[in-house]
Amino acid sequence: MSVGSAAVVLFAVLSLAAAEIRFSEIRSDPRPIIPFDEFGFTPRGQLELNVTHFSLSGTPDQSALSKVGFFLCTRGSWIHVLQQIEDAEIDCVLGSDSVQKVFTFDQLPSPSSSAFNHLYAETNADQYTLVFANCLSQLKITMNVRSAMYNLEEGKLNRRDYLSAGKTILPKLYFLLSLVYFVLGGIWISVLYKKWTTLFRIHFFMLAVVFLKALNLLCEAEDKSYIKRTGSAHGWDVLFYIFSFLKGITLFTLIVLIGTGWSFLKPYLQDKEKKVLMIVIPLQVIANITQIAIDESGPFGQDWVTWKQVFLLVDVICCCAILFPIVWSIKNLREAARTDGKAAVNLMKLTLFRHYYIVVICYIYFTRVVVYALETITSYRYLWTSVVAGELATLAFYVFTGYNFKPEAHNPYFAVDDDDEEAAAQQLKVEDEFEL
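Just so we're clear, the structure is a prediction, and the values are computed from it rather than from any experiment.

Q: When you look at the packing of aromatic side chains in this model, what are you seeing that I'm missing?
A: The description of an aromatic ring pair uses the distance of the two centres, along with the angle that the planes make with each other. In total, this model carries 22 aromatic pairs according to the counting rule given. Here the aromatic rings of F70 and F105 are separated by 6.2 Å at their centres, their planes lie at 50 degrees, and the arrangement is tilted. Of this pair, F70 sits in strand 4 (residues 68–73) while F105 sits in the loop between strand 5 (100–104) and strand 6 (116–122), and the two are 35 residues apart along the sequence. For F105, a relative accessible area of 0% puts it in the buried group. Its guanidinium or amino end placed over the ring of Y226, R229 lies 4.7 Å from that ring's centre, counting from NZ or CZ. Directly above the ring of W328 sits K272, whose terminal nitrogen or CZ lies 4.6 Å from the centroid.

Q: Honestly, the sheet that holds strand 4 in this entry has me stumped. Any pointers?
A: Picture the strands of a sheet paired through backbone hydrogen bonds; they go either parallel or antiparallel. Across the sheet, four strands lie side by side as 2-7-4-5; this open sheet has antiparallel pairing. In this open sheet, the two strands that pair with only one neighbour each are strand 2 (33–41) and strand 5. Neighbouring strand axes in the sheet, compared pairwise and without regard to direction, differ in orientation by 20 degrees on average. Where strand 2 lies against strand 7 (residues 126–134), seven bridges are found, and the strand directions are antiparallel.

Q: Teacher, can you tell me more about the state of the cysteines here?
A: Two cysteines whose sulfur atoms are joined by a covalent bond form what is called a disulfide. Enumeration over the complete set of coordinates arrives at one disulfide. There is a disulfide in this structure between C92 and C135, and the S-S distance comes to 2.1 Å. Linking C92 and C135, the disulfide has an S-S dihedral of approximately 75 degrees and is accordingly described as right-handed. Highlighted residues: C92 in the loop between helix 2 (75–86) and strand 5 and C135 in the loop between strand 7 and strand 8 (141–152), separated in sequence by 43 residues. Given a relative accessible area of 3%, C92 falls into the buried group. C318 takes part in no disulfide bond, and the closest cysteine sulfur to it belongs to C319, at a distance of 6.8 Å. Relative accessible area serves as the criterion here: at 0%, C318 is assigned to the buried category.

Q: Sorry, what's going on with the side chain of E153 here?
A: Structurally, the position occupied by E153 is in the loop between strand 8 and strand 9 (160–161). The contact partners of E153, leaving out residues within four places of it in the chain, are R44, N158, R159, D161 and K228.

Q: Before we go on, may I ask you to explain helix 10 (residues 384–404) in this structure?
A: The end-to-end C-alpha distance of helix 10, which contains 21 residues, comes to 30 Å, matching closely the 30 Å that a straight helix rising 1.5 Å per residue would cover. Of all the residues in helix 10, the buried ones are S386, V387, A389, G390, E391, A393, T394, L395, F397, Y398, T401 and G402.

Q: Is there a simple way to explain the pattern of salt bridges in this structure?
A: It is possible for side chains of opposite charge to pair when their charged atoms get near one another. By the definition in use, this model includes 14 salt bridges. For R44, the salt bridge is made with E154, and the minimal N-O distance between the two is 3.6 Å. Of this pair, R44 sits in the loop between strand 2 and strand 3 (45–56) while E154 sits in the loop between strand 8 and strand 9, placing them 110 residues apart in sequence. The exposed category is assigned to E154, whose relative accessible area is 60%. Close ionic contact of R146 with E48 constitutes a salt bridge, the shortest N to O distance being 3.7 Å. Placement of R146 in strand 8 and of E48 in strand 3 is noted, with a sequence separation of 98 residues between them. Each of E153, R159, D161 and K228 takes part in a single network of salt bridges with overlapping partners.

Q: I keep staring at empty space enclosed by the protein and nothing clicks. Help me out?
A: Rolled over the atoms, a probe with the dimensions of a water molecule shows which regions are left empty. Summed over the entire model, instances satisfying the criterion amount to one cavity of 30 Å³ or more. By volume, the largest cavity is sized at about 30 Å³. Lining the largest cavity, in full, are L251, F252, I255, C319, I322, Y363 and I364. Of all the secondary-structure elements, those providing two or more residues to the lining of the largest cavity are helix 5 (236–260) and helix 9 (343–377). Examining the composition of the lining of the largest cavity, we find that three residues originate from one element, helix 5, more than from any other. Classifying every residue of the lining of the largest cavity by side-chain character gives seven nonpolar, no polar and no charged.

Q: Could you clarify how one ought to interpret the confidence of the model for the protein chain in this entry?
A: When the pLDDT values of the protein chain are averaged, the result is 82; 83% of them are 70 or greater. Per-element confidence in the protein chain is highest for helix 3 (residues 170–194), whose mean pLDDT is 96, and lowest for helix 1 (residues 3–12), whose mean pLDDT is 42. Counting interchain partners and residues more than four positions distant, the pLDDT-below-50 stretch residues 1–19 has 43 contacts. Per-residue pLDDT stays below 50 along residues 411–421; that stretch engages in 13 contacts with residues further than four places along the chain or on separate chains.

Conventions adopted
- Here the residue index of a chain counts from 1 through its sequence in written order.
- In keeping with the predicted nature of the model, local features appear solely for residues at pLDDT of at least 70, side-chain atom pairs appear and are counted solely at 80 or more, and the whole-chain, interface and lining totals rest on all residues.
- Derived side-chain values reflect all non-hydrogen atoms in the structure, with water molecules and hydrogen atoms excluded from consideration.
- Centres within 6.5 Å are what make two rings of Phe, Tyr or Trp a pair, Trp counting through its six-membered ring; a difference in plane orientation under 30 degrees is then read as stacked, over 60 as edge-to-face, and the rest as tilted.
- Runs of E in the DSSP output that reach at least two residues are strands. Runs of H or I that reach at least four are helices, and both are numbered from the N terminus.
- Only protein chains enter the area calculation, which uses a 1.4 Å probe; residues under 20% of their type maximum are buried, those over 50% are exposed, and those in between are partly exposed.
- Lysine NZ or arginine CZ positioned within 6 Å of the ring centre and within 35 degrees of the ring normal marks a charge as sitting over the ring.
- Here, any two strands with at least 2 DSSP bridges between them count as paired.
- To obtain an axis, a line is fitted to C-alpha atoms, over the contacting stretch when the element is a helix, and the angle between two such axes runs from 0 to 180 degrees between their N-to-C directions.
- When two cysteine sulfur atoms lie within 2.5 Å, the pair is treated as a disulfide.
- Throughout, a residue-residue contact means that at least one pair of heavy atoms, one from each residue, lies within 4.5 Å.
- What a helix is expected to span follows from its residue count: subtract one and scale by 1.5 Å.
- We define a salt bridge as a contact between a side-chain nitrogen of Lys or Arg and a carboxyl oxygen of Asp or Glu at a distance within 4 Å.
- Every definition here rests on a 1 Å grid over the protein atoms only: cavities are sets of points where a 1.4 Å probe fits but cannot get out, pockets are open sets enclosed by protein on both sides within 12 Å along at least five of seven lines, and lining residues have some atom within 4 Å of a point.
- Grid points are joined across faces, edges and corners, and a volume is the space filled by probe spheres set on the points.
- Under the grouping applied here, Gly and all other residues not named as nonpolar or charged are polar, the nonpolar ones being Ala, Val, Leu, Ile, Met, Phe, Trp, Tyr, Cys and Pro and the charged ones Asp, Glu, Lys and Arg.
- For every residue, the predictor states its confidence as a pLDDT score lying anywhere from 0 to 100.

This is the structure in structure tokens:
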């Protein structure tokens, strides 16, 4: 694979910005470009590089090893590097004046050296990617790499901050959001207590979803807090993955159950609705497994791109699958409105499910597309804004769902004025042309 084609792979994975201390094992790897991590440096940035068990598949000249090594590169400068390669101005990435060489292997004290440590100070504030370049064809690299990128805080005895410049406030942000969800959970408990006689099983399930989301955010806050101070999650990442797994499964299951009208419209699930759950739940298990593989391996792993593609495919299938029960409920309500003589009641239910259908689509689109676009176009200093946007959209979705499906007294056979019934019947006729 050429350096130019490898560049496409490199900057296709730049959305990953894991700033913790990273341990990577490279085994007989012939790739010309191996990306490690992306990090937003302040003017007091530092990079610690520790390489052990280093070996080459051949015995190149010491001078040739100047084409093998680590460098830092911004997105903008990488475009210039590609142009230089295309114009044949350089034959190796490390020969470009647009990259910042961290360490080349011709600097090794002796050809037999198998380990080295290097500290690099970055004084130009920007978002950089740590990359390993191997411009010698047929040469395979084996090594263990420990990379640590951090910023030194001002006025605090040079305390290290292992979170990227645009994500340093995430621990506080996640903690505040977890408090919001705990408060929402308390409010929901109050609502359930006051309307005990009109409760359905779905309302207790909604309570579980809210508290799992709160616990997930709390664990993520602790995870990011420990990474910020020490470069390691100290086990909080395990709890985060557990609650993220439970939150993901319960949220998608809740959307499916609400879409089917389970509990509050009917006490059972039809076979086709059960099949949707049988599809969504295993896919969510796969999605969470792939997310863990993506987070833990980093883009240096040869299977990273495959894991990423699997995750995106599974996520798209889940998002599409949860829409089907809502569509079926809308169609069933339209049919019921024509046959049971209660047009006004069914029109209210139909309107609610149509609104829910639209909101679910907007939620999926915003959290999957708009948030990703914000991550792409936002300056590295403000990467936290995409997190805020995604979490606020999720919060709005939770509030909308809770408000519209809260327990309340209703009777499908309550008396309706003839005028209201006639108006509802007429509106249902007009809305027959509604297309999902």
